[in-house]
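Observations on chain architecture
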Amino acid sequence: MSNRGEQALLKQSTILMFAVAIAGIVTGVISGAQSILFDGFFSLIATFIKVLMLITAKLIAKKSNDRFQFGYWHLEPMVLLIEGSFLLLIAIYAFLNGVFGIINGGREIELGLVIIYAAVFTVVEFAYFFYVRHRNRTLQSSLIQFDNISWLVDAMLSVGLLVSFLAALLLKSQGYGEWAVYVDPLILILLALSMLAPALKILRPALRDVLGIAPDQLDDKVREVMDAVQARHGFEDYVSYVQKHGRARFIEIHVVLPADYPLDKVATLDELREEISTGLGAADKARWLTISFTGDRKWIA
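Residues numbered from 1 in each chain as written. Predicted model: local features only at pLDDT ≥ 70, side-chain atom pairs only at ≥ 80, totals over all residues. Heavy atoms only, no water.

Turning our eyes to something else, we now look at the nonpolar core. Residues Phe38, Leu161, Phe165 and Met195 are the most contacted members of the largest nonpolar core, which totals 51 residues. Contributing elements (two or more residues each) for this core: helix H1 (3-31), helix H2 (34-61), helix H3 (75-103), helix H4 (111-139), helix H5 (142-173), helix H7 (183-194) and helix H8 (196-211). Tallying contributions element by element places H5 first for this core, with 11 residues. In this structure, leucine 161 is in contact with Ser35, Ile36, Asp39, Tyr117, Ala118, Ile187 and Leu191, ignoring residues within four places of it in sequence. Counting residues in hydrophobic clusters, the runner-up holds 19 residues, among them Val229, Val242, Ile276 and Ile291. (Core = buried A, V, L, I, M, F, W, Y, C linked by side-chain atoms within 4.5 Å. Buried < 20%, exposed > 50% of the residue type's maximum accessible area, 1.4 Å probe, protein only. Helix = DSSP H or I, 4+ residues; strand = E, 2+ residues; numbered from the N terminus. Contact = heavy atoms within 4.5 Å.)

See below:
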């Protein structure tokens, strides 16, 4: 994965999202549409999250040091946890705002301006979402993958706004203007509900990583490889530990060799390590693999 390409795309995404945020806030204030204003503030929060992601990408590219001896991989799930939490909080706020808007009799808005806004940004945001997804097929960045969710959510918000405001315009033209005032708060409620799934999609894996929960897929892979190696070489026993922080995988394997294991040189152990490493897949800078051998079971407890 090219970290330089990752940083460049995150920087571009940040600048564009900030422009979308300003446009949404200004349009929302002028038109009086709370749903547009909400869309703008969502984009503004997404911009700050993107700044955190960009900083994280730059730190991950740095080498480990005395203070962070395993590097900065742990920051990635922390940033994603912040993003998911903000999405969830803003969805709750929007839902309550929409409910109170309906209770208070709805809102009059300037439909012409908001329809133009929703139409333009529906096209722009969907186009950029597919562009980033295409670029990330090469970069293979989990940061960009989750960052791009904000563009998909924003595009979905714009579609919802466009359809709803067109419906409000239709109601007015058919003489049902008293119902059109409820469209804005109703959109707000629907948008809030639609944001729950993306928020949880980000929160679940990020929370697992922050809490240090062993990833099942990686754990199963390590056990599968080690069971096969144990059968081939007659190891007495082994234990394995796995953990994941963002894209970084930490794997520890401790092997108990039988007392009569034929070992005449240290290179034999290195050959075993190479065999295990190859079985686990291609090595990269995000994989931390430790394999130790002992003849005493107490050292693997």
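Another aspect to go through is the packing of H2 against H5. A packed helix pair is summarised by two numbers, namely the angle formed by the two axes and the spacing between the axes. Packing of H2 against H5 leaves a shortest axis separation of 10 Å and a crossing angle of 170°. Considering their axes alone, H2 and H5 lie roughly antiparallel with respect to each other. When H2 is examined against H5, the residues Ser35, Ile36, Phe38, Asp39, Phe42, Ser43, Ala46, Lys50, Met53, Thr56 and Ala57 are found in contact with a partner set consisting of Leu143, Asp147, Ser150, Trp151, Val153, Asp154, Leu157, Ser158, Leu161 and Phe165. A per-class count over the contact of H2 with H5 returns 12 nonpolar, five polar and four charged. (Axes fitted to C-alpha atoms, helices over the stretch in contact; angles between N-to-C directions. Parallel < 35°, antiparallel > 145°, perpendicular 65-115°, else oblique. Nonpolar A, V, L, I, M, F, W, Y, C, P; charged D, E, K, R; others polar.)

Okay, the packing of H3 against H8 next. Taken N-terminus to C-terminus, the directions of H3 and H8 make an angle of 145°; their axes are 8 Å apart at the nearest point. Between H3 and H8 lies a crossing of left-handed hand. Listed contacts from H8 to Pro77, Met78, Leu80, Leu81, Glu83, Gly84, Ser85, Leu87, Leu88 and Ala91 of H3 are Leu196, Ala199, Ile202, Leu203, Ala206, Leu207, Asp209 and Val210. Its residues placed into classes, the contact of H3 with H8 shows 14 nonpolar, two polar and two charged. (Left-handed = near helix turned anticlockwise from the far one by under 90°.)

A word on the UniProt feature "domain: Cation efflux protein transmembrane" (unreviewed entry) in the chain. UniProt marks residues 13-209 with the feature "domain: Cation efflux protein transmembrane" (unreviewed entry), using the numbering shown here. Secondary structure within residues 13-209 divides into 85% helix and 0% strand; the distance between the first and last C-alpha atoms comes to 25 Å. (UniProt positions renumbered as here; feature names shortened; annotations may be inferred.)

Quick look at helix H10 (residues 266-279) now. With 14 residues, H10 should reach 20 Å at 1.5 Å per residue; the first-to-last C-alpha distance of 21 Å fits that figure. Buried positions along H10 lie against helix H9 (216-233), strand E2 (248-256) and strand E3 (287-294). With its phi angle positive at about 110°, glycine 281 sits one or two positions after the end of H10. (Expected span 1.5 Å × (residues − 1).)

Here we take up the environment of phenylalanine 129. Structurally, phenylalanine 129 can be placed in helix H4. By relative accessible area, phenylalanine 129 is classed as buried at 10%. Spatially, the C-alpha atom of phenylalanine 129 lies 31 Å from that of glutamine 243, the residues being 114 residues apart in sequence. Setting aside residues up to four positions removed in sequence, phenylalanine 129 forms contacts with Asn148, Trp151 and Leu152.

Checked against the element boundaries, threonine 278 lands in helix H10. We classify threonine 278 as exposed; its relative accessible area is 55%.

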